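Per-entry structural report
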Amino acid sequence: MTLSRARALTVAIALLTAPLALAPVLSPSAQALTVYDPWNYAENMMSAARALEQINNQITSLQNEAQMLINQARNLASLPHSSLQQIQQSVQRTQQLLGQAQSIAFDVGQIDQAFQQRYGNIPLSASDADLVAGARSRWQITVGGLQDALRIQAGVVGNVDANKAEMATLVGQSQGATGAPQATQAGNQLLALQSQQLSDLIAVMSANGRAAALSEAERATAAEQGREQRRRFLTPGAGYQAGNARMFSN
């Protein structure tokens, strides 16, 4: 029972007992002039108290419903910032650098064909001029692979500053999120940004591995060509003629 209701009951009891105490001293004519009904008054007070309590309960319910609607609106709000365009631009720049690979692209078919033509067994019937031209072509491919690796490294480093700024923005958006969907969207965009950084790292590793593989392939083919050229050089009548050499003249 609330305090207001307790007070109403106290007043009602006092009013009910007062007329009983005054009844013997009043004349019949005075009693007939009484217009105040304590029972009716007490009942009205009780009804007013109950009505006030119901109104308070309804106000509290409306306040709760309003807060629930506010929370639902926050949960339906989307993140006002999107990193999709920045991430796509970074990925496209790296893809363009990979697509500009010189001589031998990042393609299995082209790699197999190039190795069969340029890094296979040295033909014994090839002329010296063909051997020199082949060695120079392989050297150019190796140098091109090293240049491609450096260009991709430079492109990935160029993405670092943009990724750093974007990450700071997304972290700020996540911390200031007004609802669960906004926080989730910020987290998803951070994961996408990390995936883009991982793809850059894979691109650098692939370019470095390609350059190292081309260098090793050139070295192996050069060793085989060196053996063939040494065999030709030491073959009698093939170019080297033994003779006497005189270092000092009289």
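Keep in mind that this is a model prediction, so the values were computed, not measured.

Parameters and conventions
- Residues numbered from 1 in each chain as written.
- Predicted model: local features only at pLDDT ≥ 70, side-chain atom pairs only at ≥ 80, totals over all residues.
- Heavy atoms only, no water.
- Helix = DSSP H or I, 4+ residues; strand = E, 2+ residues; numbered from the N terminus.
- Buried < 20%, exposed > 50% of the residue type's maximum accessible area, 1.4 Å probe, protein only.
- Contact = heavy atoms within 4.5 Å.
- Areas by Shrake-Rupley, 256 points an atom, 1.4 Å probe, with all protein chains shown as cover.
- Salt bridge = Lys/Arg side-chain N within 4 Å of Asp/Glu carboxyl O.
- Phe/Tyr/Trp six-rings, centres within 6.5 Å; stacked < 30°, edge-to-face > 60°.
- Lys NZ or Arg CZ within 6 Å of the ring centre and 35° of its normal.
- Core = buried A, V, L, I, M, F, W, Y, C linked by side-chain atoms within 4.5 Å.
- Axes fitted to C-alpha atoms, helices over the stretch in contact; angles between N-to-C directions.
- Parallel < 35°, antiparallel > 145°, perpendicular 65-115°, else oblique.
- Left-handed = near helix turned anticlockwise from the far one by under 90°.
- Nonpolar A, V, L, I, M, F, W, Y, C, P; charged D, E, K, R; others polar.
- Lys, Arg positive; Asp, Glu negative; His and termini not counted.
- 1 Å grid on protein atoms, 1.4 Å probe; cavity = no way out; pocket = protein on both sides within 12 Å on 5 of 7 lines; lining within 4 Å.
- Points joined across faces, edges and corners; volume = space filled by probe spheres on them.
- Patch = residues over 30% accessible without salt bridge, like charges linked within 9 Å, V, L, I, M, F, W, Y side chains within 5 Å.
- pLDDT = per-residue confidence, 0-100.

Here we come to the overall build of the protein. Tallying secondary structure elements over the protein gives seven helices and zero strands in all. What you see in the protein, going N to C, is helices and strands ordered as α-α-α-α-α-α-α. The buried share of the protein, taken over its 250 residues, is 22%. In the protein, 79% of the contacts between residues at least 6 apart in sequence involve partners at least 24 apart. Summing over all exposed atoms, the protein offers an accessible surface of approximately 17,300 Å²; the carbon and sulfur share of this is 59%.

Attention now moves to the pattern of salt bridges. Side-chain pairing between opposite charges can occur once the charged atoms of the two side chains come close. If you walk through the whole model with that rule in mind, you get seven salt bridges. Linking Arg219 and Glu216 is a salt bridge whose minimum nitrogen-to-oxygen distance equals 2.7 Å. Within this pair, Arg219 and its partner Glu216 are both found in helix α7 (residues 180-234), separated by three residues, close to a single helical turn. The partner of Arg232 in a salt bridge is Glu228, with the nearest N and O atoms 2.9 Å apart. Of this pair, Arg232 and Glu228 both sit in helix α7, four residues apart, which is roughly one turn of the helix. Of the two residues, Arg232 and Glu228, neither departs from the other in class, the shared state being buried.

A few words now on the packing of aromatic side chains. In total, this model carries one aromatic pair according to the counting rule given. The ring of Phe106 carries the charged tip of Arg210 above its face, separated from the ring centre by 5.2 Å.

Residues Leu97, Ala149, Ile152, Val156, Ala203, Val204, Ala207 and Ala211 constitute the largest nonpolar core, which totals eight residues. Secondary structure elements with two or more residues in this core: α6 (128-175) and α7. Tallying contributions element by element places α7 first for this core, with four residues.

A separate point is the packing of α6 against α7. Running from N to C, α6 and α7 point in directions that differ by 165°, and their axes come no closer than 9 Å. It follows that α6 is roughly antiparallel to α7 by the angle criterion. Crossing of α6 over α7 shows left-handed handedness. When the residues that make up the contact of α6 with α7 are grouped by side-chain class, the tally is 20 nonpolar, 14 polar and eight charged.

This next bit is on the side chain of Glu166. With respect to the element layout, Glu166 can be found in helix α6. No salt bridge is formed by the buried Glu166. Its closest oppositely charged neighbour is Arg93, at 9.8 Å. Leaving out residues up to four positions away in the same chain, Glu166 has contacts with His81, Ser82, Ser83, Gln86 and Leu193.

A word on the layout of surface pockets. Over the atoms rolls a probe the size of a water molecule, and in doing so it shows where empty space is left. Taken as a whole, the second largest pocket spans an internal volume of roughly 190 Å³. Lining the second largest pocket are 14 residues; nearest its centre among them are Gln117, Ile122, Pro123, Gly134 and Arg138. Looking at the lining of the second largest pocket element by element, the count peaks at five residues for α6.

Taken together, Leu198, Leu201 and Met205 make up a surface patch of nonpolar side chains, about 320 Å² in accessible area. Looking at where Leu198 falls in the secondary structure, it is placed in helix α7. Overall, Leu198 belongs to the exposed group, its relative accessible area being 51%.

Moving on, we come to the confidence of the model for the protein. The predicted model of the protein averages 78 in pLDDT, with 76% of residues at 70 or higher. Below a pLDDT of 50 lies the segment residues 15-26, which in the model reaches eight contacts outside its immediate sequence neighbourhood of four places, other chains included.

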